[in-house]
Amino acid sequence: WIQRLLALAGLVAMSPLLIGVAILIRLESPGAAIFTQNRVGLRGRRFKLYKFRSMRTPSDPKYVSIENMQSDREGVCAKLFNDPRITKLGAFIRKFSIDELPQLINVVKGDMLLIGPRPALPKETDVYSDKALGRLSAEPGLTGLWQVSGRADTTFEEQIDLDLRYVKERGILADLKILFQTIPAVITGRGAY
């Protein structure tokens, strides 16, 4: 309940920023400012994750399909380092993790915690190895060991190893350390695409 309270306080404190970002997103490209996406959490429980929209929607005349593009990251978790669907504002809010701030709503709702493995997409967990499934034994988080250790600059296997290490070592001190390491990780934007 402490993390839920902190998340609620964060939403209230950052409400001017959140409203401003939402307005700018709507001004730059057509579509809702916030979108939801199905994600997988603790022990495979599915929930709707909230994010600021950073990409053009298919109804946008400037939308570019990525159907024939190959992922820049090996493994289950695909990633394009130069995704043509991302808007100019989208690139900025992704680099500094502003697009993730609506997930404070998920923390308030009890879907996530502030710290934990990032919630995966169902299409990813559907093909997880037994080892990778181990990351689902902890509540998903807004930030975590992976985020402060390079994010998308790591391989998928390294991400799994970091998440499993977190699952094994988690505790109040470990969470506080990750929370403080998140600040420079967000400011530098390392591994965010």
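Quick note: structure is the one above.
Residues numbered from 1 in each chain as written. Predicted model: local features only at pLDDT ≥ 70, side-chain atom pairs only at ≥ 80, totals over all residues. Heavy atoms only, no water.

Enquirer: Tell me about the pairing of strand β2 (residues 46–52), residues and numbers included.
Expert: Extensive coverage of β2 is indicated by the burial of five of its seven residues. Here seven bridges tie strand β1 (residues 34–40) to β2, and the two strands are oriented antiparallel to one another. Across the sheet, the residue bridging to I34 is F52, located in β2. Between β1 and β2, which pair antiparallel in sequence order, lie five residues; one of them, R43, sits at a positive phi of approximately 50°. (Buried < 20%, exposed > 50% of the residue type's maximum accessible area, 1.4 Å probe, protein only. Helix = DSSP H or I, 4+ residues; strand = E, 2+ residues; numbered from the N terminus. Pairing = 2+ DSSP bridges.)

Enquirer: Before we move on, could you go through helix α3 (residues 88–95) and cite the residues and values that matter?
Expert: An α-helical segment advances 3.6 residues per turn. Residues three or four places apart therefore align on the same side. Taken residue by residue, α3 has L89, G90, I93 and R94 as its buried positions. Looking straight down α3, one finds that the buried residues subtend no more than 130° of arc, so they occupy a single side. As for α3, its buried residues are in contact with α2 (15–28) and β2. Regarding α3, its N-cap is T87, as a side-chain oxygen of that residue lies 2.8 Å from the backbone nitrogen of G90 further along. S97 lies just past α3 and shows a positive phi near 60°. (Arc of directions from axis to C-beta. Contact = heavy atoms within 4.5 Å. Polar contact = N/O pair within 3.5 Å; in protein donor to acceptor, adjacent residues only side chain to side chain.)

Enquirer: Got a sec to walk through the nonpolar core? Specific residues and values, please.
Expert: Counting residues in each nonpolar core, the largest one holds 26 residues, and the members touching the most others are I25, F52 and I93. Of all the secondary structure elements, the ones that give two or more residues to this core are α1 (2–13), α2, β2, α3, α4 (103–109), β3 (113–115), α7 (156–169) and α8 (172–188). The contact partners of I25, leaving out residues within four places of it in the chain, are A32, A33, F52, R53, L89 and I93. (Core = buried A, V, L, I, M, F, W, Y, C linked by side-chain atoms within 4.5 Å.)

Enquirer: With reference to specific residues and values, describe the pattern of salt bridges.
Expert: Enumeration over the complete set of coordinates arrives at twelve salt bridges. Where D111 meets R45, a salt bridge forms, and the shortest distance between an N and an O atom there is 3.2 Å. Note that D111 is positioned in the loop between α4 and β3 and R45 in the loop between β1 and β2, a separation of 66 residues in sequence. By relative accessible area, D111 is classed as buried at 8%. Exposure remark for R45: the relative accessible area of 39% places this residue in the partly exposed category. (Salt bridge = Lys/Arg side-chain N within 4 Å of Asp/Glu carboxyl O.)

Enquirer: Describe unusual backbone geometry, listing the residues and the values that go with them.
Expert: The backbone of R43 sits at a positive phi, close to 50°, despite the residue not being glycine. Classification of R43 as exposed rests on a relative accessible area of 70%. With a phi angle near 60°, S97 is a residue other than glycine that sits in the positive phi range. Within the element layout of this structure, S97 appears in the loop between α3 and α4. On the basis of relative accessible area, S97 is assigned to the buried category, the value being 13%.

Enquirer: Could you give an account of the packing of α2 against α3, naming the residues involved and the relevant values?
Expert: For the pair α2 and α3, interaxial distance at closest approach is 9 Å and the crossing angle is 150°. By the angle between their axes, α2 is roughly antiparallel relative to α3. Here V21, L24, I25 and E28 of α2 lie close against α3, whose contacting residues are K88, L89, G90 and I93. When its residues are assigned to classes, the contact of α2 with α3 shows five nonpolar, one polar and two charged. (Axes fitted to C-alpha atoms, helices over the stretch in contact; angles between N-to-C directions. Parallel < 35°, antiparallel > 145°, perpendicular 65-115°, else oblique. Nonpolar A, V, L, I, M, F, W, Y, C, P; charged D, E, K, R; others polar.)

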